[in-house]
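The chain contents come next:
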Amino acid sequence: FDLAIIGKGLIGAAAARHASLISTPSPPNSTIPSSSPPSLHNICLIGPDEKPRNKWTEKDDIFSSHYDEGRITRRTDPDPIWSQLASASIDRYDDIYKQSGIDFYKPVGHLAVASPQSSDSLFKRRINALDQGVPYRDLDADELTVLYPHLKFAPGSTAILEDSGAGYISPRSLLKAQVEAAKALGCCQIIPHVASRVDNNVSDDGEASFVVTLSNGEVISAKRILVCTGAFCDARPLLPDGNGGHFELDLLRYTAQTVHFHVSEKDATDLLEGGMPSIIYRGDKSEWAYVLPPIQYPDGSWRVKLGGSRVDRYNNEEQIDKYRTPGTRSLPTHEHVVKWFRSAGNSKDFDEMKEMLQAMLPGIQPVKVTSDACATCKTSSGRPYIGQLCDGLFVAVGGCGLAAKSSDEIGRLAAFAALSDTGWGLDESLGEELFTPRLK
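Bear in mind the structure is a predicted one, so any value in this text is a computation, not a measurement. (Residues numbered from 1 in each chain as written. Predicted model: local features only at pLDDT ≥ 70, side-chain atom pairs only at ≥ 80, totals over all residues. Heavy atoms only, no water.)

*Asks:* Tell me about the environment of Val311, residues and numbers included.
*Replies:* With respect to the helices, strands and loops of the structure, Val311 is situated in the loop between strand S17 (302-309) and helix H8 (334-343). Owing to a relative accessible area of 47%, Val311 belongs among the partly exposed residues under this scheme. Setting aside residues no more than four positions away along its own chain, Val311 makes contact with Ser286 and Glu352. (Helix = DSSP H or I, 4+ residues; strand = E, 2+ residues; numbered from the N terminus. Buried < 20%, exposed > 50% of the residue type's maximum accessible area, 1.4 Å probe, protein only. Contact = heavy atoms within 4.5 Å.)

Encoded structure:
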């Protein structure tokens, strides 16, 4: 293969689609930049299919955070780079839908809410929205109550409403759409196995390349490697340094937990007809939450989902760590990550989040409440790592808990970098120095 992409998550699948597009004439009305490196490439995307939780075995130790139906999508963000990554991705959602025929996007609007004590987070959003021409509407406390009478926030809370293209995506469906689009372009092979290791290889003619050993024992070779394995980046030796060792990225992994209110179809309909958007809420002190409106899951249930924390009970358990989100804990090893995924979450955090969601939606009585656990992978730069570690070896990892909505642009930047002659795409508006991978 010219390029082997390891990690069939949102970023890896996006990279596969864009790498395939680079090898295919751009479709009419496409929003893909025209400065594609010329040539035809043979690409593969390596990674297992999702396995239902009730079929996990003791041997299974590679999971993913996209095993869900709701992630917030929005252009407004306190960080201008994340705003640009999101905007570029949202602009291409329609392309992905047209190429795959799979619907994954619901533009129901997005509400960023802050208590008086946390209003500075809204100020940063306004600045970036104005700089990038993103339309929004300011809501004072009275307007917030009138527009969303079913929602309850701290007294005096104000908000920014982004109702032009914001809302939520289904990460599970977006992944399927990216994979189907990549396959339809005809130059990407899907290999549904775990990559067990990557080794350097020198061919008879002296050309450097890589050998990828798969979990089923098969071996493939590739001229270039792009690793997109997120929180599982160190689960296998995938980053050979050419000297018999392996690169170690400066990545930090943390717990993430959500609570799901299973609601009646009537309550779901009432909330949706009342225009419930996706929500990010910043309360007093360490309180924060994100909330998804009612979404129908594959089992037929309607669920309202919340992730967040009211009290940072883990503050004294952690060393000083400016990257840790309040209410989360570090996952220092692969074994910790696997154990957390299998746990479905912490019971005390579950009770707290249940209370938070009930307080925000006081008129809703869930018919059932469940919990789920996944992990975030953060970088020391606060931006995703995208770029080259050594000749032919590239990474796109570290979504920082923000990457689902922006995964298409992150994958595009990674694909263009991996197939370029210089290690970065031509004429990119965002420079490679913003995303340079950092090593331990």
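After that view of the structure, there is still more to cover.
*Asks:* Got a sec to walk through the pattern of salt bridges? Specific residues and values, please.
*Replies:* Here the structure, examined in full by the defined rule, presents 27 salt bridges. For the salt bridge of Arg383 with Asp79, the shortest nitrogen-to-oxygen distance reads 3.1 Å. Placement of Arg383 in the loop between strand S18 (368-379) and strand S19 (385-390) and of Asp79 in the loop between strand S3 (71-73) and helix H2 (80-90) is noted, with a sequence separation of 304 residues between them. We note a salt bridge from Arg92 to Asp408, for which the minimum N-O separation is 2.7 Å. Placement of the pair is Arg92 in the loop between H2 and helix H3 (93-100) and Asp408 in helix H10 (residues 407-418), with a sequence separation of 316 residues. Residue classification places Asp408 among the buried positions, given a relative accessible area of 2%. Ionic contacts of the salt-bridge type, sharing partners, join the residues Arg17, Arg92, Asp408, Glu409, Arg412 and Glu428 into one network. (Salt bridge = Lys/Arg side-chain N within 4 Å of Asp/Glu carboxyl O.)

*Asks:* Tell me about empty space enclosed by the protein, and name the residues and values.
*Replies:* Regions of empty space are outlined by a rolling probe, equal in size to a water molecule, passed over the atoms. The full count for this structure, using the stated rule, is 1 cavity of 30 Å³ or more. In this model, the largest cavity occupies a volume close to 30 Å³. The wall of the largest cavity is formed by Ala112, Val113, Ser121, Leu122, Arg125, Ile280, Tyr281 and Arg282. (1 Å grid on protein atoms, 1.4 Å probe; cavity = no way out; pocket = protein on both sides within 12 Å on 5 of 7 lines; lining within 4 Å. Points joined across faces, edges and corners; volume = space filled by probe spheres on them.)

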